[in-house]
Amino acid sequence: MTDSSLMSGKADPRPAGEGTTSRTRLDRGRGALGPALELVHTGRAPTRAVLTAELGVTRATAGAVAAELEALGLIRVDARPSAPAGSQGRPSHRLNVAEDGPVALAAQVHADGFRAALVGLGGRIVATAPGCETVDADPAKVLGSVVEAGARLLHETGRRCVGAGLAVPSAVAEPEGLALNPLHLAWPVGAPVREIFAACVRDAGITGPAFAANDVNLAALAEHRHGAGRGSRDLLCVATGHRGVGGALVLDGRLHTGSSGLALEVGHLTVNPEGGRPCHCGSRGCLDVEADPLALLTAAGRDPGPEVSLLQQANDLIRHEYDDPDVRRAVEALVDRLGLGLAGLVNILNPDRIILGGLHRTLLDADPERLRAVVADRSLWGRSGGVPILACSLDHNSLVGAAELAWQPVLDDPLGALTGG
């Protein structure tokens, strides 16, 4: 009997003494399935040799684990990979996520519309539905529509679904899953988005659990596992989209959401106390209103138009009119305010990497030295060597992060999640 069949729970016909070693391998192998899948999922174990070293198990156990994950349809093992030119010895088995394997349904709602996608292991977007550019004031209508779009994708592709995840531009309170500040969606404060989303998923006949979380949190999770944050231990993400500024923190590979899911509301750091704009929180000069797309357009003396999103207007202004003195001064003002906010976060959190998304990524591209200098000058730890500040690198990272929510139960226990065993 192979280690793989043991991990599948089949009975061992041999005498008790003879099966002791195999049962030990069973326990060890079953416990290693989740960590092994996460290593392949995040690209940190491209070969069986690396998997063996990372798990700290024997080659036989690593082989059994890989075989079990392949039997579950999650990964593919290439037993005869080609050797690089000039290398010696037989190359190790290559491990890849299964391109035709299960998927998670990912949904994202933002001020400019909503989108649905199917996302496989490895953060790979398998299929997307055309986005909608209008968002109804009734969250049930919006979430029903985005789930219907996802259900059509599942039907068209014939893929098995492990669950569904939703990204929303609002703090999501735990454990109820309430959207506490969907300010730019015209949704009611405290809308039970997770409950509504889960009901829509069930009504559509989609299997698996349903989750919901803040879009910047999910962008950070996706970037940590598959993008610019990979390899970081304590990752800080700050981003702005249509309006406002959001933040997220990943500690040891897990999102830090605080006691009730509301941690890292970085938008309400004060960065312009003298003459700052009024913020909806009741204060003035918050990062939320001093470093978002509307703030840039206003500082540059541009009236926002209705044709395209504020984010696109702000990005286009920087990319195409940066030589205009008014635009350059506006960029410098926002870079200084953003840098001041980041410096305060560095002093509190001591991250080993910062990644920026949305307009902040464009600001970083426009004047990286100025931003890094402000952070270094205003932060205690920045002066001792600096914190790497990088741009987010994934397209649709909030969608990918929403899928990560649905994939997490499978990463925790592949056999239990997929077979009920």
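In this report, the structure presented in the accompanying data block is examined. (Residues numbered from 1 in each chain as written. Predicted model: local features only at pLDDT ≥ 70, side-chain atom pairs only at ≥ 80, totals over all residues. Heavy atoms only, no water.)

## Let's talk about helix α6 (residues 193-203)
Piece 1. All of the buried residues along α6 are Val 193, Arg 194, Ile 196, Phe 197, Ala 198, Cys 200 and Val 201.
Piece 2. Summarising the contacts, the buried residues of α6 are in contact with β3 (103-110), α5 (139-157), β6 (161-168), β7 (172-173), β8 (178-179) and β9 (210-214).
Piece 3. One or two positions beyond α6, positive phi appears at Gly 205, with a value near 75°. (Buried < 20%, exposed > 50% of the residue type's maximum accessible area, 1.4 Å probe, protein only. Helix = DSSP H or I, 4+ residues; strand = E, 2+ residues; numbered from the N terminus. Contact = heavy atoms within 4.5 Å.)

## Focus: the sheet that holds strand β11 (residues 246-251)
Piece 1. Taken in spatial order, the 5 strands of this open sheet run β12-β11-β10-β13-β14, and their pairing is mixed. In the strand order of this sheet, the two ends are held by β12 (254-255) and β14 (389-391), each with one partner.
Piece 2. Of the strand pairs in this sheet, strand β10 (residues 234-240) and strand β13 (residues 353-358) are connected by 6 bridges, and their pairing is parallel. What sits directly across from Leu 235, in β13, is Arg 353.
Piece 3. Sheet contacts for helix α12 (residues 359-366): β10, β13 and β14; angle to β13, the most-contacted strand, approximately 110°. (Pairing = 2+ DSSP bridges. Axes fitted to C-alpha atoms, helices over the stretch in contact; angles between N-to-C directions.)

## A few points about the pairing of β13
Piece 1. Of all 6 residues in β13, 5 are buried, a share of seventy percent or more.
Piece 2. Alignment of β13 against β14, held across 3 bridges, turns out to be parallel. Bridge pairing in β14 places Ile 355 opposite Leu 390.

## Remarks on the nonpolar core
Piece 1. By size, the foremost hydrophobic cluster in this structure holds 36 residues, and its most contacted members are Val 238, Leu 356 and Leu 371.
Piece 2. Breaking this core down by element, the ones donating at least two residues are β10, α9 (293-299), α10 (310-321), α11 (325-349), β13, α12 and α13 (368-378).
Piece 3. The greatest single-element share of this core, amounting to 9 residues, is contributed by α11.
Piece 4. In contact with Leu 356, other than residues within four places in its own chain, are Val 238, Leu 338, Leu 342, Arg 361, Leu 364, Leu 371, Ile 389, Leu 390, Ala 391 and Cys 392. (Core = buried A, V, L, I, M, F, W, Y, C linked by side-chain atoms within 4.5 Å.)

## Comments concerning the sheet that holds strand β4 (residues 113-119)
Piece 1. With mixed pairing, the 5 strands of this open sheet are ordered in space as β5-β4-β3-β6-β9. Strands at the two margins of the open sheet, each flanked by one partner only, are β5 (125-128) and β9. Neighbour-to-neighbour, the strand axes of this sheet turn through a mean angle of 25°, independent of strand direction.
Piece 2. Two elements, β6 and β9, share 5 bridges in a ladder whose sense is parallel. Looking across to β9, one finds that Ala 167 is bridged to Ala 213.

## A short note on the pairing of β4
Side-chain direction in a regular strand flips from residue to residue, so the side chains alternate between the two faces of the sheet.
Piece 1. In terms of burial, β4 is largely enclosed, as 6 of its 7 residues are buried.
Piece 2. In terms of strand pairing, β3 meets β4 through 7 bridges, oriented antiparallel. Of the residues in β4, the one forming a bridge with Val 109 is Phe 114.
Piece 3. Connecting β3 to the antiparallel partner β4 that follows it, the hairpin turn spans 2 residues.

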